[in-house]
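Residue-level structural notes
One letter stands for each residue in the lines below.
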There are 2 protein chains.
Amino acid sequence: MGTGKTAAAQCLASRLGRPMVDTDAAVEARAGRTIARIFTEDGEAAFRELEAAAVAEAGALRGAVIATGGGVPLRRDNMRHLRRHGLIVALIASPEAILARVGGGAARPLLGGDPAMSVSRLLAERDAAYRDADLVLDTSGLSTEQVADRVLAFAEARSGAAPDGAARVVRVDLGERGYDVHVGRGLLARLPVLLREAGVTGRLALLTHPRLDARYGRALADALRAAGREVATVTVPPSESSKSLRAAGRVYDALVDAQLDRGAALLALGGGVVGDLGGFVAATFLRGIRWVSLPTTLLAQVDAAIGGKTAVNLPRGKNLVGTVHQPALVVADIDTLASLPRRELRSGMAEVIKTGVIGAPDPFEFLEANLRRVLARRAGELIHTIGRCAAYKAAVVSRDERESGERMVLNYGHTIGHGIEAAAGYRGLTHGEAVAVGMTLEARLAVRLGVCEPVLLDRQTALLAAAGLPVRLADLGRARPRGPATILAAMTHDKKARAGRLRFVLPASLGRTAVRDDVPPALLEEVLADG
Amino acid sequence: MGTGKTAAAQCLASRLGRPMVDTDAAVEARAGRTIARIFTEDGEAAFRELEAAAVAEAGALRGAVIATGGGVPLRRDNMRHLRRHGLIVALIASPEAILARVGGGAARPLLGGDPAMSVSRLLAERDAAYRDADLVLDTSGLSTEQVADRVLAFAEARSGAAPDGAARVVRVDLGERGYDVHVGRGLLARLPVLLREAGVTGRLALLTHPRLDARYGRALADALRAAGREVATVTVPPSESSKSLRAAGRVYDALVDAQLDRGAALLALGGGVVGDLGGFVAATFLRGIRWVSLPTTLLAQVDAAIGGKTAVNLPRGKNLVGTVHQPALVVADIDTLASLPRRELRSGMAEVIKTGVIGAPDPFEFLEANLRRVLARRAGELIHTIGRCAAYKAAVVSRDERESGERMVLNYGHTIGHGIEAAAGYRGLTHGEAVAVGMTLEARLAVRLGVCEPVLLDRQTALLAAAGLPVRLADLGRARPRGPATILAAMTHDKKARAGRLRFVLPASLGRTAVRDDVPPALLEEVLADG
């Protein structure tokens, strides 16, 4: 409401030479009454039925620009219809901007008595639903033309993807520091074009592991050189030991030798190690150069590559040194997952399932129905799953870049998960395996505290287990930490413990979480002991 | 105009229970006509005379709140009168905010035909003059009460300084990342209060050198502990070798051992080495904690401590690794300059004189008249000089935090200066000495290119020499680089050379510079050869 949907849709339709459908207008035309009158005479429920019918009809069209009412995303069926042939763009705006645009007139029936409060309440209600859009665009301060420009640029970037994969493009909306996340097939081959479109000019350094260099890096460097780019390749060993100040020092030296200046960019091709190290080096070399994340593991594609967290380890602990330095572009080419070891793929599924639990119900339910196809690396299902996870992460990061609030929800499963990893000395288990056990124990905490129903714990446990992930400490075999005390000790050393207090993100229902820092220590110990 | 001066002054005066003088009203009362009529009938020059008389009269008052017209800072005499007993606060606002407030009415004679253009032109004209204020406050979006709050807080912080020093507080206006720079005597003893006022809570780590720790650090830590703060002291050797990844690694370890969490802050007590290293560690520890700069050298107090540049060196070059991470507070206690070696004091004077040349004429002329007293470390003159330099740097940084444009002017003297330092292997000369020679040679380039008059070069040379600084390569003695080729080679390796092109900031006149990247190589070589 008041975000300029109708005007932007008209402008887009006229630029594209396509028909424009306004579902509100369709409802009014069919009912022969204004929406305000439908609300007054028949109530909101009746209007929503009429609206759903109009949306289903519009969703069946191809090549149309469809403007809908702001309440449409609240029904999952509506979103399903719109997604059939379409790209979903959610226009949002600040409450101030909305109020300034719509005033408090009677033609907006939902605004009722106190427009300011009503707008804030509406936004809060609809926020979760908007997260499912392919592009969430804040129109405060933008003209209609500017809104149309951005939607067109986004749609064009998306349609330019390789023809055999329905690539997705997700925007991480951080103003000047915003960037696109591309998910699809054959994207590395298109990198010269994607870099150009993202304005990443200048010299390039490609940071990767030797094996990945042989498999993908050399072809990528050749393609970049063929496009006239200068590229220097730097490799580091594919182990956690590469996330060190020492390794960073060697990469800096290589960048100096390659004569990278402030206009240069670093490409990080690999999983979490290369991404964390590469991002850190880019953040600090010459007080910050641009970088491009090219994640090659499922874990990195759905999570680590998005959000700008960079890190190296200290002898005294993991990820203790780092910055938040957003990439200029993220390109997740799912073809690189073909060579990913099966255990790594499963490990990544832990973060995928986490997103399903804390984010929107849709990805969780999609996985329940399609897990086998995802694990079999079927392109369509992979792109859908990774795209949805990336969109969720992008939305959270857009709203809380520096983890001062909402971004904390991403830590679900990680409070205990990190404790398990640290207690195990990071040996014998993957990050995802630790998170899977962490999610199970934290969900159990939630059930014991009455925060969620047991059925949610059961569904989550079933899905994790079906993905081949451990759900109990005993499942970790020899990596299982010795007793709850070692896990607890490691948890309280974690850098996220502020003033010694443990904070948990607990699932409340699918897509809803509760933050609690009042978990009784005895209960925590009990849950860990039951493990 | 339209920044709310009169309303804010009224509000302040009523809160303080002090008289309020409006110089515009005084002029109108005396002339018996409105200002608009004075402009129309007698012209602007006549009005300015009347205004100057009113300002001189108001400036003689003590304990009054004085509101002036926006053109007052353009006359240096006006500013002198106001500064006599007073603190000068410049209220600014965005052109949009100003236009929204004043409209384009005939009562504002300077707005003429096209108000939008007139406002922008006026702002540009007056911008340099406003830099001289003790506090420059952007009132766009602030209520009168909020403006008064901020001015009061500023005035209180200032008047709370040690009674024997007229401390100055300069604001680095970077929105959420903004902070105050305090310059005065006895400030370290007041640090517990200053930290509290700046909202710097949590555990503290004090990074310094052993000698400075003995001299100031222990007393400071005791004072902080007496105020209930937890402080861990970490020392590093007072040499450039402490600006390394290795030294950073040792500091990180100490911070972990001191159990610093994300809410903690690092205090960097020392010169450039401790500031650069401490800022870098703070920027990267736990993805960024707050830090407070406590500069103890003239160079750091006037320049390095302000602006958030942090750095460590690589074996391949200086300052190649770092970030921009603004401190939460800068406290320049001039008492710490008492123990500064004479050569270091002189070295700092190079940056002071640089500020005089590129910034406003006032500090340069003040130095011409008061150099001996500054070199003799007289408190009043030191505070004035450092305060003005800090204010200038703060203004530049506020407008261009990441050195994408204007901040580059601070590099005057540094393009050649860095080349000299590097060619000398950073041995046998101080940074300020290299900059002094760099400024002389770059000013000579400017004269040869017709960018400035020879008299400016002469005045600058005389002032540098009077400060005991070298002004020719030959003055560097054994540190003198061997021939222009070595300097040139070092210059083109400097990280600021983008795509191999050398960019010079050249003086045009006192307070004005020109950026040139078309300096003929032959001319540069000639100037270097003449040395």
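From a predicted model like this one, the values you see are computed outputs, not experimental measurements. (Residues numbered from 1 in each chain as written. Chains lettered and ligands numbered in written order. Predicted model: local features only at pLDDT ≥ 70, side-chain atom pairs only at ≥ 80, totals over all residues. Heavy atoms only, no water.)

What to know about the overall build of chain A
What chain A contains, in helices and strands, is 21 helices and 15 strands. When contacts within chain A are restricted to residue pairs at least 6 apart in sequence, those whose partners lie at least 24 apart make up 73%. In the structure as shown, chain A presents an accessible area of about 21,400 Å², 51% of it carried by carbon and sulfur atoms. (Helix = DSSP H or I, 4+ residues; strand = E, 2+ residues; numbered from the N terminus. Contact = heavy atoms within 4.5 Å. Areas by Shrake-Rupley, 256 points an atom, 1.4 Å probe, with all protein chains shown as cover.)

What about the domain arrangement of chain A?
All names here are of chain A. With domains assigned, chain A is organised as domain 1 (5-156), domain 2 (168-389) and domain 3 (412-530). The gap between the C-alpha centroids of domain 2 and domain 3 is 27 Å. Summed over both sides, the interface of domain 2 with domain 3 buries roughly 2,200 Å², with 67% coming from carbon and sulfur. In this structure, the connection of domain 2 to domain 3 is made through 2 salt bridges. Between R459 and E368 there is a salt bridge; the shortest N-O distance is 2.8 Å. Inspection of the region where domain 2 meets domain 3 yields 9 residue pairs in polar contact (both at pLDDT 80 or more). Mapped by element, the contributors of at least two residues to the side of domain 2 that touches domain 3 are strand 12 (317-324), helix 14 (342-358) and helix 15 (361-375). At 12 residues, the largest contribution of residues to the side of domain 2 that touches domain 3 is made by helix 14. Class assignment for the residues of the side of domain 2 that touches domain 3 results in 13 nonpolar, 4 polar and 8 charged. (Domains from an automatic or database assignment. Buried area = accessible area lost by both parts, 1.4 Å probe. Salt bridge = Lys/Arg side-chain N within 4 Å of Asp/Glu carboxyl O. Polar contact = N/O pair within 3.5 Å; in protein donor to acceptor, adjacent residues only side chain to side chain. Nonpolar A, V, L, I, M, F, W, Y, C, P; charged D, E, K, R; others polar.)

Some thoughts on the interface of chain A and chain B
On the chain B side, the residues contacting the 35 residues of chain A number 35 residues. At the boundary of chain A with chain B, total buried surface from both sides reaches about 2,900 Å², with 54% on carbon and sulfur atoms. Remark: the boundary between chain A and chain B carries 4 salt bridges. One can count 12 residue pairs in polar contact (both at pLDDT 80 or more) joining chain A with chain B.

Focus on the environment of T296(A)
All names here are of chain A. Among the secondary structure elements, T296 is positioned in the loop between strand 10 (290-295) and helix 13 (298-304). On the basis of relative accessibility, which here comes to 4%, the residue T296 falls in the buried class. Between the alpha carbons of T296 and I334 there is a distance of 7.5 Å; along the sequence they are 38 residues apart. The residues touching T296, leaving out its near neighbours within four places in the chain, are L212, L269, G270, G271, Q301, T336, L337 and L340. (Buried < 20%, exposed > 50% of the residue type's maximum accessible area, 1.4 Å probe, protein only.)

Some remarks on helix 18 (residues 431-448) of chain B
Residue and element names in this part refer to chain B. When the terminal C-alpha atoms of helix 18 are compared, their 25 Å separation across 18 residues agrees well with the 26 Å that a helix rising 1.5 Å per residue should span. Burial analysis of helix 18 places 14 of its 18 residues in the buried class, which makes it a mostly covered element. Note on helix 18: the residue one or two positions beyond its end, G450, has a positive phi of about 75°. (Expected span 1.5 Å × (residues − 1).)

Considerations on a positive patch on the surface
A surface patch of like charges, here positive, comprises R246(A), R250(A), R246(B) and R250(B). Of all the elements in the fold, those that place two or more residues in the positive patch are helix 11 (245-257) of chain A together with helix 11 (245-257) of chain B. Here R246(A) falls in the exposed class, since its relative accessible area comes to 65%. (Patch = residues over 30% accessible without salt bridge, like charges linked within 9 Å, V, L, I, M, F, W, Y side chains within 5 Å. Lys, Arg positive; Asp, Glu negative; His and termini not counted. Charge placed at Lys NZ, Arg CZ, Asp CG, Glu CD.)

Section: the relation of the copies chain A and chain B
Superposition of chain A onto chain B requires a rotation of 180° combined with a translation of 0.3 Å along the rotation axis, giving an RMSD of 0.4 Å. The superposition operator between the copies reduces to a two-fold rotation axis. Judged by C-alpha distance, L245(A) is the residue of chain A that lies nearest the rotation axis, at 3.4 Å. Of the residues that chain A buries at the interface, 100% are likewise interface residues in chain B, meaning the two copies contact each other through the same surface. (Least-squares fit on C-alpha atoms with pLDDT ≥ 70 in both.)

Description of helix 16 (residues 379-399) of chain A
With 21 residues, helix 16 of chain A extends 30 Å from end C-alpha to end C-alpha; this agrees with the ideal 30 Å at 1.5 Å per step. Among the 21 residues of helix 16 of chain A, 16 are classified as buried, and the element is accordingly described as predominantly covered.

A short note on the sheet that holds strand 10 (residues 290-295) of chain B
Within a sheet, neighbouring strands are paired by backbone hydrogen bonds and run either parallel or antiparallel to one another. Residue and element names in this part refer to chain B. Within the open sheet, the 7 strands sit side by side as 5-6-13-10-9-7-8. Their pairing is mixed. A single partner strand is all that each edge strand has here, and the edge strands are strand 5 (168-172) and strand 8 (231-235). Averaged over all adjacent pairs, the angle separating strand axes in this sheet is 15°, with direction ignored. Relative to strand 6 (residues 179-184), strand 5 runs antiparallel, the two being bridged by 5 bridges. Residue R168 lies in a different strand from strand 6, and its bridge partner there is V183. (Pairing = 2+ DSSP bridges. Axes fitted to C-alpha atoms, helices over the stretch in contact; angles between N-to-C directions.)

Focus: the side chain of Q460(A)
Residues and elements named next belong to chain A. Here Q460 shows up in helix 19 (residues 454-466). Residue Q460 is classed as buried on the basis of its relative accessible area, which comes to 1%. If we ignore the near neighbours within four places in the chain, the residues touching Q460 are V357, F364, Y412, M439, T440 and A443.

A closer look at the pairing of strand 13 (residues 329-333) of chain B
Residues and elements named next belong to chain B. Burial analysis of strand 13 places 5 of its 5 residues in the buried class, which makes it a mostly covered element. By the bridge criterion, 4 bridges tie strand 6 to strand 13 in an arrangement that is parallel. When the bridges of strand 13 are listed, V183 appears paired with A332. Pairing geometry for strand 10 and strand 13, over 2 bridges, is parallel. For V292, the partnering residue across the bridge sits in strand 13 and is L329.

A short note on the side chain of E381(B)
Note that E381(B) resides in helix 16 (residues 379-399). Once residues lying within four places of it in the same chain are set aside, the contact partners of E381(B) are F366(B), N370(B), R373(B) and V374(B).

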